[in-house]
Structure formats: structure tokens, C-alpha cells
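# Report on the structure
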Amino acid sequence: MVPLLREKPVPQIRLYHRELAEPWAGVCSGGNLYHSFVPHAMIVDTGEEFVEAAYGTRLSVPGSRDPERRIRLHHRMHKRLDDVRFRFLPMHVAMEGFLLLQFGGPPVAWQEWSQHALHSGTAPRTETWHHGSGIDGLDEAMRRFEIHDGQCGVAVYIGDALASVFATPHPDDFRALYPALLDETYGELIARYAGHGDAVSDMEVRFDESAIRDLADIRRQAAAHTESWRRFHDDVMTADLFADRHVREIRAAGDFVLRRFTPTFTQTAECHIGEEIVDYDTGQVAYLKTFRLSQTQIRRGRLLTVLGDCGWRLSDAAARLRVTPEQFGIQLDRAGFGHLLKRHVLDGFRHRARR
């Protein structure tokens, strides 16, 4: 866990949680219904008088007989509360963007696509992620982690794999919302690394004792090591976090705007989705939450993105990936999109692939 510090808090914005009674929720969004585990909502306050940040998630309703089967219906992923505040469901704004990739289906009734694809698009789309409480070692790491003065966020790694980045505008917000990391969602790759990965060796810092004559020399070497680690983390460990992404503005409040981002899927090594709140004028990031996609999710995203770029013309999409139409159809099937193709078309692809 790598602490993220600010020299000073982002002015005129604070974050705090809104407790939700039921852990499972349905969200009506653009005529579609989104089901997920939603333990809490986030309130963004851009006013001058801020509510104290407070954390708490209740997963059951007192007196309810079967709380885990209750589903609360929210009418939007994000909702304006007043002139300076809005509510959103953290990380689900970003996940919705990923699930909506080419959700409408083919714009032209090309002969390969099934009636389901033409009438319902890629619906229903489903993705799997893991609750933080099920990530081996995360609760212990959070218990041992020392929160620093001025810390406004944290980058969470499983081994050397970046799992998530969480940043807030104010240190008080981070301290209050820090327990929420255990309630957040993490990708399949991260869960697998945590359960089967080898222990990571300690990061040791060595001082040049021959160059130390007094405390000032120790401070200079310590500062040099700190700067070296900062550059290494920013330039190497998180280099792919903001590379080649599509950004969409979701909601504005005051001088700030909530945005979500998805990868362009031009690279296949490491891809993240996420959401951020930035200052319109300066571009400073006040809030950030990211989610690392698994290789299976990256393949799905890439196939759908290429299809969309090619107008859902199968031969053009195959050529873009330098494969045959048959091979592209098999890739769609293996990614869980076989139902988008007509049955006889998919059967023909499978038959020719076996020859």
C-alpha cells in the first residue's frame, strides 16, 4: 500500500459516505436496470460549509427477516441533491461505462448478427468482481498500514500488480473513508494474485555510509531515496493508469465535474477503468477511484471496441485484428458473445476452425 500525499487539500470540495440499508441494489440508468452489490453511496459537497466526513455501512436492516434478499432500487447512478451537492455510487459509475461498451448492438443489420443482437444489443451484460473482504491479506494490510500526515489517498498493490487507486480531496476525508477499501470491489486477477502469489521481498534502502559525516548528510540521502522512489512509482508502477483512455463527463457541481474513463483497449497488458472528480479550470484531480480489469475483461472490451470502430462489420473487425472472420467469430464466442451471431454462422465458423 503506497500512500498518496498532497501538499495542501483541494479547496471547496469534500467527500463523505451515505449509508445504505440494503447491500444489493438495482439502479435504473437510461432505461436499463443495473444490479450489483452497493454497500454505500458517496456525497460530493462543493459548498462553503461542509458536513463532517463520516463512514458507516449497514448490511442488514434491524428487524428484517431476510435482509440479504432485499434489493433497493436507485433511480440514478448519480443524482443532484442541491446546487452544491450530488450523490453517486462509487465505482459503479465506472463499471456502468464498461458494461455499456457497444451495448446497443449493430447499427446495421449485417447478415451475420442474430435477432437478439439486432433487437437487444449485448444485453444482458454481466461482469464478476471480488469484494475486498475476500481478498487474502487486505484486511491485515489495512490494519497495519500507517496513515501519514497530509495523506489523501492510497495505491493498493497485490505483489507488484496495481489493484486500485483511491484518492480524496482532503486528509480528513481519507481518514474517515479509509475503511471503505475493504468494502470496495477488486478484479479477478487481483484476487488470484492474493490467493496464490508468492510473498514480495522487502524494499530495502541502502545509505552510502562513507558519505555520511553528520545528520545533514543522512537527511540529504533520505530525501534523494524518497524522490527516487516517487519517480519510480509514478513513472513505472502507475505508468499505464492514465494511458490511452476514453473520458466522459457525467455530472458537474460548482467548479468540479465527475468523469468516468475506460481504456481504448489498444494495449492488452494492463487496463484500468475508473472515475474521477476534477477541477474544471486547473484539471486537478480531487477524487479518483480505479479498478483493474482482468485479461478476460480486456479481451471482451477489445473485441467490442473493435466491432464498434468497424461499424459491426465482421470482416472489417477481423482485418483490424489481423485474423480471419472465422477466427474473430470464435473469439467472440469464447468471450461470451456467441449469442450475438446467428446459430448457423457460428456453427460454420466452428466447423471451419476444426478443419
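Refer to the structure presented above.
Let us look at the structure shown here.

Rules behind the numbers
The residue count restarts for each chain, going from 1 along the sequence in the order it is written. Residues qualify for local features only when their pLDDT is at least 70, as the model is predicted, and side-chain atom pairs are given and counted only at 80 or more; totals for whole chains, interfaces and linings, by contrast, use all residues. Working from all heavy atoms in the structure, the side-chain values ignore hydrogens and water. For every residue, the accessible area obtained with a 1.4 Å probe (protein chains only) is divided by the maximum for its type, and the residue is called buried under 20%, exposed over 50%, and partly exposed between those limits. Counting from the N terminus, the helices are DSSP H or I runs at least four residues long and the strands are E runs at least two residues long. A pair of strands is labelled paired if DSSP reports no fewer than 2 bridges between them. Here, a salt bridge means any side-chain nitrogen of Lys or Arg that lies within 4 Å of a carboxyl oxygen of Asp or Glu. Take the number of residues in a helix, subtract one, and multiply by 1.5 Å to get its expected span. Contacts: residue pairs with any heavy atoms within 4.5 Å of one another. In the analysis that follows, any N or O atom pair within 3.5 Å is treated as a polar contact, provided that within protein one partner can donate a hydrogen and the other can accept it, and provided that, for residues neighboring in sequence, both atoms belong to side chains. The angle between two axes is taken between their N-to-C directions and runs from 0 to 180 degrees, where each axis is a line fitted to C-alpha atoms and a helix contributes only its stretch in contact.

## Looking at the pairing of strand β11 (residues 161-167)
Of all seven residues in β11, seven are buried; the element is thus mostly enclosed. Here strand β10 (residues 151-158) runs beside β11; their pairing, made up of six bridges, is antiparallel. Of the residues in β11, the one forming a bridge with Ile 158 is Ala 161. Between β10 and β11, which pair antiparallel and follow one another directly, the connecting turn spans two residues, one of which, Gly 159, has a positive phi of 65 degrees. Of the strand pairs in this sheet, β11 and strand β16 (residues 285-292) are connected by two bridges, and their pairing is antiparallel. Bridge pairing in β16 links Phe 166 to Lys 289.

## Some points on the pattern of salt bridges
For the coordinates displayed, the defined rule picks out 18 salt bridges. The shortest N-O distance in the salt bridge between Glu 96 and Arg 260 comes to 2.8 Å. Within this pair, whereas Glu 96 is found in helix α1 (residues 92-99), its partner Arg 260 is found in strand β14 (residues 256-263), the two being separated by 164 residues in sequence. The exposure class assigned to Arg 260 is buried, which follows from its relative accessible area of 8%. With a closest N to O distance of 3.6 Å, Arg 350 and Asp 347 form a salt bridge. In this pair, Arg 350 and Asp 347 are both assigned in helix α10 (residues 343-354), three residues apart and thus about one turn of the helix distant. By relative accessible area, Asp 347 is classed as partly exposed at 34%.

## A closer look at helix α6 (residues 215-237)
An ideal rise of 1.5 Å per residue puts 33 Å on 23 residues; α6 measures up with 31 Å between its terminal C-alpha atoms. Within the sequence span of α6, burial applies to Asp 217, Gln 221 and His 233. For α6, the elements touching its buried residues are β1 (2-5) and β10. One side-chain oxygen at the N-terminal end of α6 lies 3.2 Å from the backbone nitrogen of Ala 216; it belongs to Asp 214.

## Examining the sheet that holds β10
Across the sheet, seven strands lie side by side as β1-β10-β11-β16-β15-β14-β13; this open sheet has antiparallel pairing. Two strands lie at the open edges of the sheet, namely β1 and β13 (245-253), each paired on one side alone. Averaged over all pairs of adjacent strands, the angle between strand axes in this sheet comes to 20 degrees, irrespective of strand direction. Bridge analysis of β14 against strand β15 (residues 272-279) gives six bridges, and the strand direction is antiparallel. Paired with Arg 260 across the bridge in β15 is Glu 275. Along the sheet, α6 contacts β1, β10 and β11; its crossing angle with β10, the most-contacted strand, is approximately 60 degrees.

Any link to function would need more than the numbers given here.
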